[in-house]
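Single-letter residue listing:
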Amino acid sequence: MTADQNLDSGLPIRLLHDRVLVRMEGSEGERRSTAGIVIPATAAVGKRLAWATAVGVGPNVRAIVSGDRVLFDPDDRSEVELHGRGYVLLRERDVHAVAAERVENDSTGLYL
């Protein structure tokens, strides 16, 4: 895929510079623990990072391609709505980790 193609075909934007457009995984409402306990959305947790799927990347993004799962701080985000669906716009430097098939096991990552 090129820099302005994305998984959600038909998005009417072209990302610039080091921007990454991601779609949040699951809902931000209640979640379930590994033991099966339902945790309500109002439950307070410490600083928790979130996973999302990259659906578009700008031309200067080096380590992320569309389709990668990225880990970021949900408190530092800009939200945008396109075609009635919510997305998060990030800078590449705000992404803490990338999970993808192409990432090597012994790789330390871009900023480590």
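In this text, all values refer to a predicted model and were calculated from it rather than measured experimentally.

Draft legend 1. Here's a closer look at the overall build of the chain. Along the chain, the regular secondary structure elements total 0 helices and 8 strands. Shown N-terminal to C-terminal, the secondary structure of the chain runs as helices and strands in the order β-β-β-β-β-β-β-β. Looking at the chain residue by residue over its 112 residues, the buried ones come to 29%. Relative to all contacts within the chain whose residues are 6 or more apart in sequence, the contacts with residues 24 or more apart total 67%. Accessible surface, the chain as shown: approximately 7600 Å² in total, 49% of it carbon and sulfur.

Draft legend 2. Representation of the packing of aromatic side chains. Counted under the stated rule, the structure contains 0 aromatic pairs. Arg69 extends its terminal NZ or CZ atom over the ring of Trp51, reaching a point 4.6 Å from the ring centre.

Draft legend 3. Main features of the pairing of strand S4 (residues 50–57). Counting buried residues along S4, 7 of its 8 residues qualify, which places the element largely inside the surrounding structure. As defined by bridge partners, strand S1 (residues 19–24) adjoins S4 across 5 bridges and the pair is classed as antiparallel. Looking at the pairing, Val22 lines up with Ala54 of S4.

Draft legend 4. The arrangement of the nonpolar core in detail. In this structure, Val20, Val22, Ile64 and Phe72 are the most contacted members of the largest nonpolar core, which totals 14 residues. Put simply, the parts of the chain that give this core at least two residues each are S1, S4, strand S5 (69–72) and strand S7 (85–91). Counting residues per element, this core draws most heavily on S4, which supplies 4 residues.

Draft legend 5. Representation of the sheet that holds S5 in the model. With antiparallel pairing, the 6 strands of this open sheet are ordered in space as S6-S7-S1-S4-S5-S8. Here the strands that pair on one side only, and so sit at the sheet edges, are strand S6 (78–82) and strand S8 (95–99). Strand-to-strand, the axes of this sheet are offset by a mean angle of 40°, without reference to chain direction.

Draft legend 6. Region of the structure containing unusual backbone geometry. Positive phi, normally seen in glycine, also occurs at His17, with a value near 55°. With respect to the helices, strands and loops of the structure, His17 is situated in the segment before S1. Here the phi dihedral of His83 falls at roughly 55°; this positive angle occurs in a residue that is not glycine. According to the relative accessible area criterion, His83 is exposed, its value standing at 65%.

What counts and what doesn't
- Residues numbered from 1 in each chain as written.
- Predicted model: local features only at pLDDT ≥ 70, side-chain atom pairs only at ≥ 80, totals over all residues.
- Heavy atoms only, no water.
- Helix = DSSP H or I, 4+ residues; strand = E, 2+ residues; numbered from the N terminus.
- Buried < 20%, exposed > 50% of the residue type's maximum accessible area, 1.4 Å probe, protein only.
- Contact = heavy atoms within 4.5 Å.
- Areas by Shrake-Rupley, 256 points an atom, 1.4 Å probe, with all protein chains shown as cover.
- Phe/Tyr/Trp six-rings, centres within 6.5 Å; stacked < 30°, edge-to-face > 60°.
- Lys NZ or Arg CZ within 6 Å of the ring centre and 35° of its normal.
- Pairing = 2+ DSSP bridges.
- Core = buried A, V, L, I, M, F, W, Y, C linked by side-chain atoms within 4.5 Å.
- Axes fitted to C-alpha atoms, helices over the stretch in contact; angles between N-to-C directions.

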